[in-house]
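The lines below spell out each chain.
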Amino acid sequence: MPQIRKKTSKRGTTHQRQKLKHKVSQGRKKAKKEARKEQAAGKTHKKSKKDPGIPNNFPYKDEILAEVAESRRQAAEEKQRRKNEKRAALTGLDVKDVEDSQQNIMDVDVDENQNDGQGFDGIMSIRPAPPVLPKKKSAEPSKSEPVISVTEGPHSLREVLQKADVLLHVVDARDPAAGLSEALFKEATSKNIILLVNKIDSVPRESLVSWLSHLRSTYTTLPFRVAEAFLPSKPNPPPASKKIPVNLDDAHGSDALWQEFCKLKKSGEELVVALTGVTNSGKSAVINSLARADLLPIYNNNSAISAKGPHTTTSASELVLEFPDKKGDKVRLIDTPGLEYVRAEGLEEQEMEIVRARDILLRSRGRIDRLKDPLFAVAHIVSRANTQDLMLGYSLPAFSKGDPTSFLAGMARASGLIKKRGVLDHAGAARIVLRDWSIGKFARYTMPPGSSTTTSSSANDEGILATLKSRKELRKAEDVILVQMQPGEAEKREVLLDDVWVADEEVSEDEADDEDVGDEEATGDEDGDEDEADQGSGSESSEEEEEIPELLPPPKRKRTVSFAVGGKRQRRSGKNGFS
C-alpha cells in the first residue's frame, strides 16, 4: 500500500480564497441594501458614542467624581427604600421593622468576613439563617370579632317577599331603567322599597345625577359603589407576588344605606332586607361590602380561579349583621338569584330576537362573545348606541345610523379580519364588540327620558359625586370606549315567584357541565331557545338510530428483515421460515 505523505502546508487553495471573498462581498452588498431601505423608510440607527470620561488634567475632577458617587449612593438608598416600602406593604409590617431586619442581615455579613487570622474550619463560612419576620396578619377574624355565618335562605322568591320587611332592589347605573320590574314592585306594594344604583364608578357624573333625580320622584334611591376588593379584576392581573392588599371598607354609599336601615328598623325587632335584581347587578358584592368581609362568591368574568367559568348566585343565602353605630341591633340580609321572567308568547320572530338580545346584553353572563350567532346582539347594540361615539371609539369611517352591516364592515377592516377573496369577517368583528362589552371596555351610559343638562344634585351626594369622573374625563381614558345609548324600558313581564331555587351542591355533574356549556355559548336564554330545543331533540333521535362503531386498536405489524441471496432480495418474517 503506498505511503501517504503528511500535509505540511496550511495554505488554502485559490478556489477557497475566492469563495471567501465572494461571500464577504455579498454580505457587504446585502448590508448596504438594507441600510438604504431603512434610510428610505426613515429609520436611522445612530451609534451611541462612548463617554470619554473626565480628563486627568481637569482641575475639578475629584469634586465631580465625588458628586457622581454621592448621587449614585442616594439613588441606591432611594431604590432600597422603595423595596422596603413594597415589602412592608406585602408583609403587613412597618417600614422600620423591615429596615431593622435588613440591618441585621448586613451585620451578619460583616461578622462572617472577620476570621481573626485563624484557619478555615468548615463552619465559619456557613451563614446563619436571617431573622424571621413576623407573619402578615391574616384576614380571618380574631377571637374578639364575631364570626359571620352564612345560612341557607328561602327556596323561592315568594317566600323571600313574605319574610322581608324591606326590598332593596339593585340596578346597574349604566342602564337603571332596564333593571326595574313592574311586576315585582306590584307584588311588594306593602314593603319598603329602596333602589340601589350600583356600579356608579363606570358612568359619567352627569348621567348619575340625572338618573338619581329621575328615580327619586318614585322611590327612595341611593348611589353605591362596592369596596375595592370586590370590584371586577382586570383582564391581565398582576402576578400573585406583586399583588397589593386591597381595602374592604372603602365602599361609597354604605353610610347612607345604613342610615336608611336605621330609619326603617323598629325597636326590639330584627330588620329583614331582601336584595333583588337581575343577574350580574352586584347583589352579592353589596352584601360583602356592607359586611366588610368576603362572605359570598361574586361574579368575575376575568377570574381564572374556576375552570368552569364565572359564578352566579343560584340559591338564596342569609346572614346577620350588626349596625355599625348601634350595638345589639341587627339586620338580616337575604341574597337572592337573578330575576327570571315568564316567557313571552305570541311574539313575532323579530320581536323575540330583540327580547333575547336585550336579556343577554343586560345580564352579560359568561362569555357572550362565544355566541353561535353574535350578529343579532351587535345589531341591537348599534340600534341603541350613538353613531358618533362608535365612530370615535373604534376609529371607524362614517356609517349610517342604526346600520349594523356597515358598522361591522368597518370593524372588520380596522381589525384586519379579512378572509380569502376579500370577504369581511362580520362574525369576528361582532365578537370583538361583545368581548369589549363583557369586560367593561365598552363603557356605556344612558340618560333618563326628558332629562335636562341642568339637573342639580342632592347635598348628601356631593361626597360621592366628587369621586366620579365627568364625561369629558372618561372620553380621554385610554382603556375604555365611552358610548351613549338609548335608555331601556322597565320590564313588564311577570316574574317567576314560585320556582324553587336549587343549591349548587344539589346539581349533578352532568347538569353542571351542560349549564357551563350553555353559559359559554350563551344559548340557554329563556326567551329564544324554543327553536333550538326542537332542533336538538331531532338530532338526538337521529343519533340514537345510527350507532357509532367502537374504534379498535390497530393490529400489530410483524417486523420483517430483508436481505439479498444470489442477487435476489428475499424477506424473512417472524422467527423461523421465510415468507
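Before reading further, recall that the structure is shown in the block above.
These figures come from a predicted structure and were not determined experimentally. Sequence order as written defines the numbering, with residues in each chain counted from 1. Totals for whole chains, interfaces and linings use every residue, but because this is a predicted model, local features are given only for residues with pLDDT of at least 70 and side-chain atom pairs only at 80 or more, for both listing and counting. With hydrogens and water excluded, all non-hydrogen atoms of the structure serve as input to the side-chain values.

Undergrad: Mind showing me how you'd approach the overall build of the protein here?
TA: Helices and strands together make up the secondary structure of the protein, namely 17 helices and eleven strands. Exposure classes here rest on a 1.4 Å probe applied to the protein chains alone. A residue is buried below 20% of its type maximum, exposed above 50%, and partly exposed in between. Buried residues in the protein amount to 32% of all 579 residues. Long-range contacts, defined here as pairs at least 24 residues apart, represent 70% of the contacts in the protein between residues at least 6 apart. The Shrake-Rupley method, run with a 1.4 Å probe sphere, supplies the accessible areas, and residue values consider only the shown protein chains as cover. As displayed, the protein has an accessible area near 39,200 Å², and 50% of this comes from carbon and sulfur atoms. For the purposes of this entry, the term helix denotes a DSSP run of H or I that reaches at least four residues, the term strand denotes a run of E that reaches at least two, and both are numbered from the N terminus. Should any heavy atoms of two residues lie within 4.5 Å, those residues are counted as being in contact.

Undergrad: I tried to follow the packing of helix 10 (residues 375-384) against helix 12 (residues 404-415) on my own but got confused; where do I start?
TA: Angle between the axes and distance between the axes: these two values describe a pair of packed helices. Only the contacting stretch of a helix is used when fitting its axis, a line to C-alpha atoms as for every element, and angles between N-to-C directions run 0 to 180 degrees. The interhelical angle for the contact between helix 10 and helix 12, taken along N-to-C directions, is 105°, at an axis separation of 9 Å. The angle between helix 10 and helix 12 falls in the class roughly perpendicular. When helix 10 is examined against helix 12, the residues L375, V378, A379 and V382 are found in contact with a partner set consisting of P404, F407 and L408. Here the nonpolar group is Ala, Val, Leu, Ile, Met, Phe, Trp, Tyr, Cys and Pro; Asp, Glu, Lys and Arg are the charged ones; every other residue, Gly included, is treated as polar. Across the contact of helix 10 with helix 12, the residue classes tally to seven nonpolar, no polar and no charged. An angle counts as roughly parallel when it lies under 35 degrees, as roughly antiparallel when it exceeds 145, as roughly perpendicular when it falls between 65 and 115, and as oblique in every other case.

Undergrad: Explain empty space enclosed by the protein to me, please; I cannot follow it from the model alone.
TA: Once rolled over the atoms, a probe with the size of a water molecule shows which space is left empty. Think of a 1 Å grid over just the protein atoms. A cavity is a set of points where a 1.4 Å probe fits yet cannot get out, a pocket is an open set with protein on both sides within 12 Å along at least five of seven lines, and lining residues have an atom within 4 Å of a point. Grid points are joined across faces, edges and corners, and a volume is the space filled by probe spheres set on the points. According to the stated counting rule, one finds one cavity of 30 Å³ or more in the structure shown. Roughly 60 Å³ of volume is contained in the largest cavity. A178, V278, Y341, R358, D359, L362, R363, E489 and E491 together form the lining of the largest cavity. Per-class residue counts for the lining of the largest cavity are four nonpolar, no polar and five charged.

Undergrad: Help me understand the packing of helix 12 against helix 13 (residues 426-439), please; the structure alone is not making it clear to me.
TA: The N-to-C vectors of helix 12 and helix 13 enclose an angle of 90°; their axes lie 8 Å apart at closest approach. Relative to helix 13, the element helix 12 lies roughly perpendicular. Where helix 12 approaches helix 13, its residues T405, F407, L408, A409, M411, A412 and S415 are matched on the opposing element by H426, A429, A430, I432 and V433.

Undergrad: What's the story with helix 12 in this structure? I'm lost.
TA: Helix length check: helix 12 (twelve residues) gives 16 Å between terminal C-alpha atoms against 16 Å at 1.5 Å per residue, within 8%. Along helix 12, the positions that sit buried rather than exposed are F407, L408, A409, G410, M411 and A412. The opening residue of helix 12 is D403, an N-cap whose side-chain oxygen sits 3.3 Å from the backbone nitrogen of T405. Expected span, for any helix, means 1.5 Å times one less than how many residues it has. Under this definition, polar contacts are N or O atom pairs within 3.5 Å; protein pairs additionally need one hydrogen-donor-capable and one acceptor-capable atom, and for neighbouring residues in sequence, both atoms have to be side-chain atoms.

Undergrad: Even after reading the chapter, I still don't get unusual backbone geometry, so can you show me in this structure?
TA: Note: most residues except glycine have negative phi, and most peptide bonds are trans. If you check the backbone angles, R292 has positive phi at about 55° while not being a glycine. Looking at the secondary structure, you find R292 in the loop between helix 8 (283-291) and strand 6 (317-322). According to the relative accessible area criterion, R292 is partly exposed, its value standing at 49%. For S395, which is not glycine, the phi torsion reads 55° and is therefore positive. One can find S395 in the loop between helix 11 (387-394) and helix 12. S395 sits in the exposed class, given a relative accessible area of 62%.

Undergrad: What exactly am I supposed to notice about the packing of aromatic side chains here?
TA: Side-chain rings of Phe, Tyr and Trp, where Trp is taken by its six-membered ring, are said to pair if the distance between their centres is within 6.5 Å; with planes under 30 degrees apart they count as stacked, over 60 as edge-to-face, and otherwise as tilted. Summed over the entire model, instances satisfying the criterion amount to eight aromatic pairs. On the numbers, 6.3 Å between centres and 70° between planes, the contact of F58 with Y60 is edge-to-face. Accessibility expressed as a relative area gives 53% for Y60, which makes it exposed. With a centroid separation of 5.4 Å and 40° between ring planes, the pair formed by W437 and F442 is classed as tilted.

Undergrad: Help me understand the pattern of salt bridges in this model?
TA: Any two side chains of opposite charge can pair, so long as their charged atoms come close to each other. Any Lys or Arg side-chain nitrogen located within 4 Å of an Asp or Glu carboxyl oxygen qualifies as a salt bridge. Summed over the entire model, instances satisfying the criterion amount to 22 salt bridges. For the salt bridge of R216 with D461, the shortest nitrogen-to-oxygen distance reads 2.8 Å. Highlighted residues: R216 in the loop between helix 6 (205-215) and strand 4 (220-223) and D461 in the loop between strand 8 (442-446) and helix 14 (462-465), separated in sequence by 245 residues. Exposure remark for R216: the relative accessible area of 32% places this residue in the partly exposed category.

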